[in-house]
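Here's the letter readout for the chains.
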Amino acid sequence: MAHVLKRISFRNGNLTLAGVLRLPEGFDEAGPHAAIVLATPGSSVKEQIGAIYADRLTARGFVTLTFDPSYQGESEGHPRDLEDPAARVEDIRCAVDFLMTLPYVDENRVGLLGICAGGGYAVNAALTEHRFKAVGTVVASNIGRAFRRMQPMADVLKTLDAVGQQRTIEARGGAQRRDPWIPDTLEEAQAAGVADPDVLDAIRFYRTPPWRHANSTNRVYFRSFGALLGFDAFHLVPELLTQPLHVIVGGRIGITGSYEDGQTLFDLARTQKEFFVVEGAGHYDLYSKAEHVDQAIARLAPFYAAHLGGNRG
């Protein structure tokens, strides 16, 4: 594609976050341009799903910003591999802060796209960050609800107890704990008897070429689960979400719960809204498979154009 990629950085408090700004073909620094921030899944880095969607949206004329979350990828932060919803949401706010410093970005024409867990984080950020004028989601996951529904409540409570015990270990100088998000290889999954199509699709995307990336560690700092299990991305949607919303889900329902979360989000929203099902697509098909991703972009690009306007630069 003919657009330009620029490596950039911006701050979230004391941390420097690494990002990539994509400038469309024929970009004019005089602007003003419409821009879209992308929020990506848990464990994902900017070179993966975010790059796939950003490339397509930039080809449609939008400035796009992808970035590694705090504590992950090329961004700063310790402990490494922390997945903290509060930090993830603040990253998104800081991303729009950065865009506001660019003279060629129109401050009144900034949109937000969230994918998987990034969809939940995006919606949660948009509740109080009204500089975003339009919000799109693809296979959005309310990650706290997702983890709570994947196991009996008794096991959720056991996990919270284990988090407390691990915090005590670390407070006393003990070793940190990191767990895999998914099996590291298809062979490992097979040996463990994993047969669920969504899990296998996740392994194929994250752990095999072409989308496996060295900066995506497939590890989550165990203490993250204390914050994740208490998080609800959508709880104030009826009251605070005012922006136009476009929810895109895959028609093949699986264990991720993203179809159900997308439907819940759509039902809760009281703003102008659209809902689209990519028939035959599973959750991870909407990460990279062109026949499915292109359907999502065919809905998202005119949605953003309608609410942000085409570039005038």
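Our structure's up above, just so we're on the same page.
Residues numbered from 1 in each chain as written. Predicted model: local features only at pLDDT ≥ 70, side-chain atom pairs only at ≥ 80, totals over all residues. Heavy atoms only, no water.

A. Region of the structure containing the pattern of salt bridges. In this structure the tally under the stated criterion is 23 salt bridges. Among the ionic pairs, R219 bridges to D184, the shortest N-O distance being 2.8 Å. With a gap of 35 residues between them, R219 in strand β8 (residues 219-221) and D184 in the loop between β7 (178-180) and α6 (186-191) connect regions that are remote in the sequence. Given a relative accessible area of 26%, R219 falls into the partly exposed group. In this structure D184 comes out as buried when scored by relative accessible area, which is 16%. Residue K289 is joined to D285 by a salt bridge in which the shortest nitrogen-to-oxygen separation is 3.0 Å. K289 gets classed as partly exposed once you look at its relative accessible area, which sits at 40%. Classification of D285 by relative accessible area gives buried; the value is 4%. (Salt bridge = Lys/Arg side-chain N within 4 Å of Asp/Glu carboxyl O. Helix = DSSP H or I, 4+ residues; strand = E, 2+ residues; numbered from the N terminus. Buried < 20%, exposed > 50% of the residue type's maximum accessible area, 1.4 Å probe, protein only.)

B. View of helix α7 (residues 197-207). Counting buried positions over the 11 residues of α7 gives 9, a clear majority of the element. Those residues of α7 lying buried are D198, V199, L200, D201, A202, I203, F205, Y206 and R207. At the N-terminal end of α7, a side-chain oxygen is found 2.9 Å from the backbone nitrogen of D198, two or three residues along, and the residue is D196. (Polar contact = N/O pair within 3.5 Å; in protein donor to acceptor, adjacent residues only side chain to side chain.)

C. Highlighting the nonpolar core. Counting residues in hydrophobic clusters, the biggest one holds 58 residues, and the most contacted among them are F10, L21, L65 and L99. With 8 residues, the single largest contributor to this core is helix α2 (residues 85-100). Residues in contact with L65, not counting those within four places in the same chain, are I8, F10, V20, L21, I36, V37, L38, A95, F98 and L99. By size, the runner-up hydrophobic cluster in this structure holds 38 residues, among which are A34, I36, L38 and I248. (Core = buried A, V, L, I, M, F, W, Y, C linked by side-chain atoms within 4.5 Å. Contact = heavy atoms within 4.5 Å.)

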